[in-house]
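Residues per chain are reported as follows:
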Amino acid sequence: MTLNPSQRKWVLIAVALLIFAGVKFWLINTYLTRQHAAPQAISCPDLQAGCTLPGGTRVRFLQPARHGQRFGLELSQTPAGKAPPVAEFAMAGMDMGSARFPLRQVGDGRWQADIMLPVCVTGRQDWLMLLTIGDEHLQVGFTAGPG
C-alpha cells in the first residue's frame, strides 16, 4: 500500500501526537508520584562542614556551592543494600528546570556527585536540596554564593 503525500503527512502528525501524549503522560505520572512522598525538612547550617541526617548518613559539600560553578556533594555512612541515592535541587516557588543528580559510589559507603546549579535570573540564592536515600526523602535548605 502506497501513501500519497497528503496521507503520509497525516500519518506523521498522528504519530507525533501519540508520542507527545505518551511523554506528557509519563511526565505527569512522574510528577504526581514524587508529590506523594513529602520530604522531611532537615536543618544543616553548614553543608561544607557536613551534617548527620536522621538515618545516620552524613552529607557535605566538597566545595562551596556557587551558581554556575561545579561543586562536589558527598554522602557517607549510607545504609548498605539500598538503591543509589539521588540529589535534586529546586527553589521554593520557582521552576528552575531539571536539576537531578544521581550519585556514584566511590567506596566505603561513600557516594558523590558533581553539581552545577543554574543561575537564577531574579538573583535568588536560596535552594532546597532534596535527597532520596533508600525510602527516605529529605530536604535541606541552603544558600548558594554568586558565581
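Our structure is the block above this text.
The paragraphs below set out a description of the structure included in this document. (Residues numbered from 1 in each chain as written. Predicted model: local features only at pLDDT ≥ 70, side-chain atom pairs only at ≥ 80, totals over all residues. Heavy atoms only, no water.)

Quick look at the side chain of Ser76 now. With respect to the helices, strands and loops of the structure, Ser76 is situated in strand E4 (residues 70-76). Given the relative accessible area of 15%, Ser76 is considered buried. Once you skip the residues sitting within four places of it in the chain, Ser76 turns out to touch Thr57, Arg58, Gly109 and Arg110. (Helix = DSSP H or I, 4+ residues; strand = E, 2+ residues; numbered from the N terminus. Buried < 20%, exposed > 50% of the residue type's maximum accessible area, 1.4 Å probe, protein only. Contact = heavy atoms within 4.5 Å.)

What follows covers the packing of aromatic side chains. Under the definition given, this model contains 4 aromatic pairs. A ring pair is formed by Phe89 and Phe101, whose centres lie 5.9 Å apart and whose planes are at 70°; its orientation type is edge-to-face. With Phe89 in strand E5 (residues 86-90) and Phe101 in strand E6 (residues 100-102), this pair connects stretches of sequence that are 12 residues apart. Relative accessible area serves as the criterion here: at 1%, Phe89 is assigned to the buried category. Measuring from ring centre to ring centre gives 6.0 Å for Phe89 and Phe142, while their planes differ by 90°; the resulting arrangement is edge-to-face. One end of the pair, Phe89, is in strand E5; the other, Phe142, is in strand E10 (residues 136-143), with 53 residues separating them in the sequence. The burial state of Phe89 is the same as that of Phe142; both residues are buried. Grouped by ring-pair contacts, the aromatic residues Phe61, Phe71, Phe89, Phe101 and Phe142 constitute a single cluster. (Phe/Tyr/Trp six-rings, centres within 6.5 Å; stacked < 30°, edge-to-face > 60°.)

With that settled, consider the nonpolar core. Of all hydrophobic cores here, the largest spans 31 residues; its most connected members are Val59, Leu73, Phe89, Met129, Leu131 and Phe142. When residues of this core are assigned to their parent elements, the largest contribution, 4 residues, is made by strand E9 (residues 126-133). Ignoring sequence-local partners within four residues, the contact set of Leu131 consists of Leu53, Val59, Leu73, Leu75, Val86, Ala87, Glu136, His137 and Leu138. (Core = buried A, V, L, I, M, F, W, Y, C linked by side-chain atoms within 4.5 Å.)

This brings us to the state of the cysteines. Enumeration over the complete set of coordinates arrives at 1 disulfide. Here Cys44 is linked by a disulfide to Cys51, with a sulfur-sulfur distance of 1.7 Å. On the S-S bond that ties Cys44 to Cys51, the torsion sits near 85°, and the link is right-handed. Of the two residues examined, Cys44 and Cys51, each falls in the buried class. (Disulfide = S-S within 2.5 Å.)

Spatial ordering of the open sheet is given by E2-E3-E4-E8-E7, a layout of 5 strands whose pairing is antiparallel. Edge positions in the sheet fall to strand E2 (51-52) and strand E7 (104-107), since each has one partner strand and no second. Sheet topology note: the strand E3 (residues 58-61)/E4 ladder contains 4 bridges and is antiparallel. Looking at the pairing, Arg58 lines up with Ser76 of E4. (Pairing = 2+ DSSP bridges.)

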